[in-house]
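Observations on the model geometry
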Amino acid sequence: MGTLPRLGILLSGRGSNFMAIADNIAAGKIRAEIAIVISNRADAAGLEEARKRGLETRLIPSKGFEREQYDRMVVDVLKEKKVDLVCLAGFMRLLSAYFVSHFPNRILNIHPSILPSFPGLEAQHQALQHGVKFSGCTVHFVDENLDAGPIIAQAIVSILDEDTAETLSARILKEEHRIYSEAINFVLSGNFRIKERRVIQSSR
Ligand code: GAR
């Protein structure tokens, strides 16, 4: 069997993506373990949910810290917990070059749009405002730019005439929960290479 890859989850809010990953681990659909769940916000519902599930958690409030100063504290905990893969799950902070350099191609993020369209906050609202007919979600490697690294997986969601930000977000979220776990399995398989910006599956 060998030892399981160790995931570090970073979240700032509700934590539904974290829960989907934890459920898939419990169901044997992802061969990994969650080594630590870290939040920058005390009021993150995801943190409470992680505690309820008996997972190790750490609250590291970000208020008042400069970006790199904060990231050093987070990286210290991730290293202490021997984390192999960092999964941002609604972690609403940009990472510093310091953080990224400590986990090269070992940090994933999920974003609720088809990147590079609509990076940043309220991506679903941005899509409706722009009037696009399709949106969706993206899992990508993280670099120090906003929602910007090489793309691992995407899923498309049609936009309906009657959609609001809430109804569209709910349909996108369903896809987020599916493709994030698929992307984690893909990355853990190690069966890929990154050519310029393209994440390409290696031939078996
Ligand atoms: C998700 O929709 C995720 O894609 C988004 O925040 C939400 C977190 O929900 N992330 C971003 O916008 C990152 N730029 P969750 O806490 O229920 O997983």
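None of the values given here were measured: they were computed from a predicted structure.

1. A short note on the nonpolar core
Grouped burial of nonpolar side chains is what soluble globular proteins tend to show. Counting residues in each nonpolar core, the largest one holds 40 residues, and the members touching the most others are Ile-9, Phe-18, Leu-108, Val-139, Ile-152 and Ile-184. It is helix α6 (residues 165-189) that provides the largest number of residues to this core, a total of 8 residues. The residues contacting Ile-152, other than those within four sequence positions of it, are Leu-108, Val-139, His-140, Phe-141, Ala-183, Phe-186, Val-187 and Val-199. Membership of the second largest hydrophobic core comes to 21 residues, among which are Val-74, Val-100, Ile-107 and Val-142.

2. Some points on the site of the ligand
For the ligand, the full set of nearby residues is Arg-14, Gly-15, Ser-16, Asn-17, Gly-90, Met-92, Ile-110, His-111, Pro-112, Asp-147 and Glu-176. In this structure, a nitrogen atom belonging to the ligand sits 3.3 Å away from a side-chain N or O atom of Asp-147. Within the side chain of Glu-176, an N or O atom sits 2.7 Å from an oxygen atom of the ligand. Using a 2 Å cut-off from the grid points, one finds that the ligand occupies the largest pocket. Elements with a contribution of two residues or more to the shell around the ligand: α1 (16-26) and β5 (107-111).

3. With respect to the pairing of strand β9 (residues 198-201)
Two elements, strand β8 (residues 192-195) and β9, share 4 bridges in a ladder whose sense is antiparallel. Considered in β9, the bridge of Arg-193 is made with Ile-200. Linkage of β8 to β9, two consecutive antiparallel strands, is achieved through a turn of 2 residues, within which Glu-196 is found at a positive phi near 50 degrees.

4. A look at the packing of aromatic side chains
How two aromatic rings sit relative to each other is set out by the distance from centre to centre and by the angle between their planes. In the structure shown here, the tally under the stated rule is 4 aromatic pairs. One aromatic cluster in this structure is built from Phe-141, Phe-186 and Phe-192. A cation over a ring is seen here: Arg-53 above Phe-18, with NZ or CZ 5.9 Å from the ring centre.

5. Quick word on the state of the cysteines
According to the stated counting rule, one finds 0 disulfides in the structure shown. Here Cys-87 is not disulfide-linked; the sulfur of Cys-137 is the nearest cysteine sulfur, at 15 Å. According to the relative accessible area criterion, Cys-137 is buried, its value standing at 0%.

6. Considerations on the packing of α1 against α6
Direction vectors running N to C along α1 and α6 enclose 50 degrees, while the axes themselves pass 9 Å from each other. With respect to each other, α1 and α6 are oriented oblique. For the pair α1 and α6, the crossing hand works out as right-handed. Contacts between α1 and α6 involve Ser-16, Asn-17, Ala-20, Ile-21 and Asn-24 on the former and, on the latter, Leu-173, Glu-176, His-177, Tyr-180, Ser-181 and Ile-184. Considered class by class, the residues forming the contact of α1 with α6 number 5 nonpolar, 5 polar and 1 charged.

7. Examining the side chain of His-140
Inspection of the secondary structure puts His-140 in strand β6 (residues 134-141). Filtering out sequence-adjacent residues up to four positions away, His-140 remains in contact with Ile-107, Leu-108, Asn-109, Leu-115, Asp-147, Ala-148, Gly-149, Pro-150, Ile-151 and Ile-152.

8. Observations regarding the environment of Gly-120
Tracing the chain through its elements places Gly-120 in the loop between β5 and α5 (123-130). Looking at Gly-120, the relative accessible area reads 21%, which means it is partly exposed. Residues Gly-120 and Leu-146, spaced 26 residues apart in sequence, show a C-alpha to C-alpha distance of 6.8 Å. Once residues lying within four places of it in the same chain are set aside, the contact partners of Gly-120 are His-111, Gln-126, Leu-146 and Asp-147.

9. With respect to α1
Burial analysis of α1 places 8 of its 11 residues in the buried class, which makes it a mostly covered element. By the burial criterion, the buried members of α1 are Ser-16, Asn-17, Phe-18, Ala-20, Ile-21, Ala-22, Asn-24 and Ile-25. Each element contacted by the buried residues of α1 is listed here: β1 (6-11), β2 (33-39), α2 (45-52), β5 and α6. Positive backbone phi, at 80 degrees, marks Gly-28, one or two positions downstream of α1.

10. Brief notes about the side chain of Thr-138
Mapped onto the fold, Thr-138 is located in strand β6. For Thr-138, the side chain forms a polar contact with the main-chain oxygen of Ser-113, separated by 2.7 Å. A distance of 2.9 Å separates the side chain of Thr-138 from the side chain of Gln-154, its partner in a polar contact. Excluding its chain neighbours within four sequence positions, the residues that come into contact with Thr-138 are Asn-109, Ile-110, His-111, Ser-113, Ile-114, Leu-115, Ile-151, Ala-153, Gln-154 and Ile-179.

Rules and cut-offs
Within any chain, residue numbers begin from 1 and follow the written order of that chain's sequence. Selection of residues for local features in this predicted model requires a pLDDT of at least 70, selection of side-chain atom pairs for listing and counting requires 80 or more, and totals for whole chains, interfaces and linings are taken over all residues. In computing side-chain values, all of the structure's heavy atoms are included and hydrogens and water are not. Among the buried residues, those of types Ala, Val, Leu, Ile, Met, Phe, Trp, Tyr and Cys that are joined through side-chain atoms within 4.5 Å form a nonpolar core. We call a residue buried when its accessible area falls under 20% of the maximum for its residue type, exposed when it is over 50%, and partly exposed in between, using a 1.4 Å probe and counting protein chains only. To qualify as a helix, a DSSP run of H or I must reach at least 4 residues; to qualify as a strand, a run of E must reach at least 2; elements of each kind are numbered from the N terminus. Whether two residues are in contact is decided by their heavy atoms: any pair within 4.5 Å suffices. Residues are labelled near a given molecule or strand when at least one of their non-hydrogen atoms is within 4 Å of it. Definition of a polar contact: a pair of N or O atoms within 3.5 Å, with one able to donate and the other able to accept a hydrogen when the atoms are protein atoms, and with sequence-neighbouring residues admitted only if both atoms are side-chain atoms. Buriedness of a pocket was judged along seven lines, with at least five required to meet protein on both sides within 12 Å; pockets are open sets of points on a 1 Å grid over the protein atoms alone, cavities are sets where a 1.4 Å probe fits but cannot get out, and lining residues have an atom within 4 Å of a point. Molecule-in-pocket calls rest on the fraction of atoms, with more than half required to lie within 2 Å of the cavity or pocket grid points. Strands pair, by our definition, only if DSSP identifies at least two bridges between them. To pair, rings of Phe, Tyr and Trp, with the six-membered ring standing in for Trp, must have centres within 6.5 Å; the planes then decide the type, stacked if under 30 degrees apart, edge-to-face if over 60, and tilted in the middle. Both a distance and an angle decide whether a charge sits over a ring: NZ of Lys or CZ of Arg must be within 6 Å of the ring centre and within 35 degrees of the ring normal. The definition used for a disulfide is geometric: two cysteine sulfur atoms within 2.5 Å. Every axis corresponds to a line fitted to the C-alpha atoms, with the helix fit spanning only the stretch in contact, and the corresponding angles, defined between N-to-C directions, vary from 0 to 180 degrees. An angle below 35 degrees is treated as roughly parallel, one above 145 as roughly antiparallel, one from 65 to 115 as roughly perpendicular, and anything else as oblique. Each crossing gets its handedness from the near helix: less than a right angle anticlockwise from the far helix is left-handed, clockwise is right-handed. Here the nonpolar group is Ala, Val, Leu, Ile, Met, Phe, Trp, Tyr, Cys and Pro; Asp, Glu, Lys and Arg are the charged ones; every other residue, Gly included, is treated as polar.

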